[in-house]
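Given next are the chains, with one letter for each unit.
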Amino acid sequence: MNIGEIARRAGVSRSTVSYVLSGKRTVSEATRQRIQAVIDELDYRPNASARALKEGRTRTLGLVIPPASQRLTDMQLGFVASVVEAAARHDLDVLLSPSGGDHDRSFERIVTGRRVDGVVLMEIRLEDDRVTRLARAGLPFVTIGRTADPHGMSWIDIDYSGLIARCVHHLADLGHRQVALVNRSAELVAAGYGPSHRALAGFRAAVAERGLTGVDVCCGDDTTSGETCVEQLLATHPEVTAVATINEAALPGMQRALTSAGLSVPVDFSVTGVAARHWAEEFRPPLTAADVPTGDMGAEAVSLLLEIIAAPGAVPRHRLYSPPISLRSSTGPVRSR
């Protein structure tokens, strides 16, 4: 059943039926009642587009993700899934749009095309042109992550600085004096990727506070890079007895390199960091880590965005997540070599 059939049975034009459904124009009461009678008789339910037209909204949220050429990490996929699920609970659709590289036009269509009511923006850099573009366009948005100066915007983020510092303090309490940070890729660090820079700041602050020797290295987001990274770390810094990491995708490779080097975790070498619970529990032995609550964060980002859409002039709000370090089995007292 469609608008054409309703118009034919009511003896009016399709546009008149559209006006009744959308409320965009005034229709005489007699005509409105005649059309409504046909709608009731046919048990017609306007589709999402018609409802959106009536409400002056698209009932669609935009979710801006990393370029499609890059494999999303488990944590990133968790954010995507949680945003989509939270939107569905509000009877909203989600339009995925990659950004960066050759995808700038896709992002621009999101901003200017009136396709969405608001945007959730992932993977934030300290200086992020996309945030500036959304603010100038007046399109409601919430970020997962935050810029160097996040005042005036609404955001959800993880306290990478504080969490990595707590990981270092945990290792120091176990007697480790030479520790390393396995960060994200050099390309992300160079681009000003917020989590990488904040993790490094927290690492350096904690190392200085505890009087430790610290080494920081960059690593690609995959198993092979993780293996190569730890192999090189052990070769160039054999004194290191523990690592903290925010690179969950590299964990399987890191584990493989330690095994190949004949190092038992945690007897010979300790590993800790910030990761999605899935990666932490699959590490062997299970990883001592701050488990990132991707489900809660995505849902809160959607709720916050809906508040902004409903009240555009509201004061920006934010939430910094700092989950506890789950003590599992991958960290232990330092062992003399």
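Here the structure is shown first, and the text comes after it.
Just so you know, these numbers come straight off a predicted model, no measurement behind them.

Student: Please give an account of the overall build of the protein chain that cites residues and values.
Tutor: Each helix and strand counted, the protein chain has 14 helices and 12 strands in total. Along the first, second and third principal axes, the C-alpha set of the protein chain runs to 90 × 35 × 35 Å. Taken over 337 residues, the protein chain has a buried fraction of 51%. When contacts within the protein chain are restricted to residue pairs at least 6 apart in sequence, long-range pairs at least 24 apart make up 71% of them. Surface accessibility of the protein chain: about 15900 Å² in total, with carbon and sulfur atoms responsible for 49%.

Student: How would you summarise the sheet that holds strand β3 (residues 118-122) if you had to cite specific residues and measurements?
Tutor: Spatially, the 6 strands line up as an open sheet ordered β2-β1-β3-β4-β5-β11, and their pairing is parallel. For this open sheet the edge positions go to β2 (93-98) and β11 (318-321), each flanked by a neighbour on one side alone. On average, adjacent strands in this sheet sit at an angle of 15° to one another, irrespective of strand direction. Sheet analysis places strand β4 (residues 141-144) next to strand β5 (residues 154-158), joined by 3 bridges and oriented parallel. Opposite T143, over in β5, you have W155 as the bridge partner.

Student: Tell me about the sheet that holds strand β9 (residues 270-275), residues and numbers included.
Tutor: Strand order across the open sheet formed by 6 strands is β7-β6-β8-β9-β10-β12, with mixed pairing between neighbours. The outermost strands of the open sheet, each flanked by one partner alone, are β7 (213-217) and β12 (325-326). Here strand β8 (residues 242-245) pairs with β9 via 4 bridges, running parallel. Residue pairing across strands places V243 opposite V271, the latter belonging to β9. Contacts from helix α8 (residues 160-173) reach β6 (178-182), β8, β9, β10 (288-291) and β12, with the element oriented near 165° to β9.

Student: Pulling in residues and values, what's your account of helix α12 (residues 251-260)?
Tutor: Among all positions of α12, only L251, G253, M254, Q255, A257 and L258 are buried. In the core, the buried residues of α12 are packed alongside β6, α11 (223-236), β8, β9 and α13 (277-282). Just downstream of α12, G262 is the residue with a positive phi angle, here 75°.

Student: Tell me what's going on with the environment of S196, and back it up with residues and numbers.
Tutor: Assignment of secondary structure puts S196 in helix α10 (residues 194-210). Residue classification places S196 among the buried positions, given a relative accessible area of 1%. Look past the residues within four positions of S196 in its chain and what remains in contact with it is N183, R184, V189 and I246.

Student: Quick rundown of the pattern of salt bridges? Include the residues and the values.
Tutor: All chains considered together, the criterion is met by 17 salt bridges. Between R9 and E41 there is a salt bridge whose closest N-O contact spans 4.0 Å. Taken together, the positions of R9 in helix α1 (residues 3-10) and E41 in helix α3 (residues 29-42) put the pair 32 residues apart, joining distant regions of the chain. A relative accessible area of 42% places R9 in the partly exposed class. The exposure class assigned to E41 is exposed, which follows from its relative accessible area of 59%. R328 is the salt-bridge partner of D291, the closest N and O atoms lying 2.6 Å from each other. With D291 in strand β10 and R328 in the segment after β12, the pair connects residues that are 37 residues apart, well separated along the chain. What emerges from the salt-bridge pattern is a single network uniting E5, R8, R9 and E41.

Student: A description of the packing of α1 against α3 should follow, citing residues and the corresponding values.
Tutor: At their nearest, the axes of α1 and α3 sit 9 Å apart, and the two run at 125° to each other. With respect to α3, the axis of α1 lies oblique. For the element pair α1 and α3, the recorded crossing hand is right-handed. Listed contacts from α3 to I6, R9 and A10 of α1 are R34, I35, V38, I39, E41 and L42. Grouping the constituent residues of the contact of α1 with α3 by class yields 6 nonpolar, no polar and 3 charged.

Quick notes on the rules
Sequence order as written defines the numbering, with residues in each chain counted from 1. Restriction of local features to residues with pLDDT of at least 70 applies here, the model being predicted, together with a cutoff of 80 or more for giving and counting side-chain atom pairs; totals for whole chains, interfaces and linings are based on all residues. Working from all heavy atoms in the structure, the side-chain values ignore hydrogens and water. Secondary structure elements follow DSSP: runs of H or I no shorter than four residues count as helices, runs of E no shorter than two count as strands, and numbering proceeds from the N terminus. For the exposure calls, accessible area comes from a 1.4 Å probe over protein chains only, and a residue counts as buried if that area is under 20% of its type's maximum, exposed if over 50%, partly exposed in between. Note on contacts: a residue pair is in contact if any heavy atoms of the two residues lie within 4.5 Å. For every accessible area listed, the method is Shrake-Rupley and the probe measures 1.4 Å; residues are considered covered only by the protein chains on display. Criterion used throughout: strands pair if DSSP finds at least two bridges between them. Only the contacting stretch of a helix is used when fitting its axis, a line to C-alpha atoms as for every element, and angles between N-to-C directions run 0 to 180 degrees. Salt bridge, as used here, is a side-chain nitrogen of Lys or Arg placed within 4 Å of a carboxyl oxygen of Asp or Glu. Oblique is the label for any angle not under 35 degrees, not over 145, and not in the 65 to 115 range, which are roughly parallel, roughly antiparallel and roughly perpendicular in turn. Helix crossings are classified by the rotation of the near helix relative to the far one: an anticlockwise turn of less than a right angle makes the crossing left-handed, while a clockwise turn makes it right-handed. In this classification, the charged set is Asp, Glu, Lys and Arg, the nonpolar set is Ala, Val, Leu, Ile, Met, Phe, Trp, Tyr, Cys and Pro, and all remaining amino acids, among them Gly, are polar.

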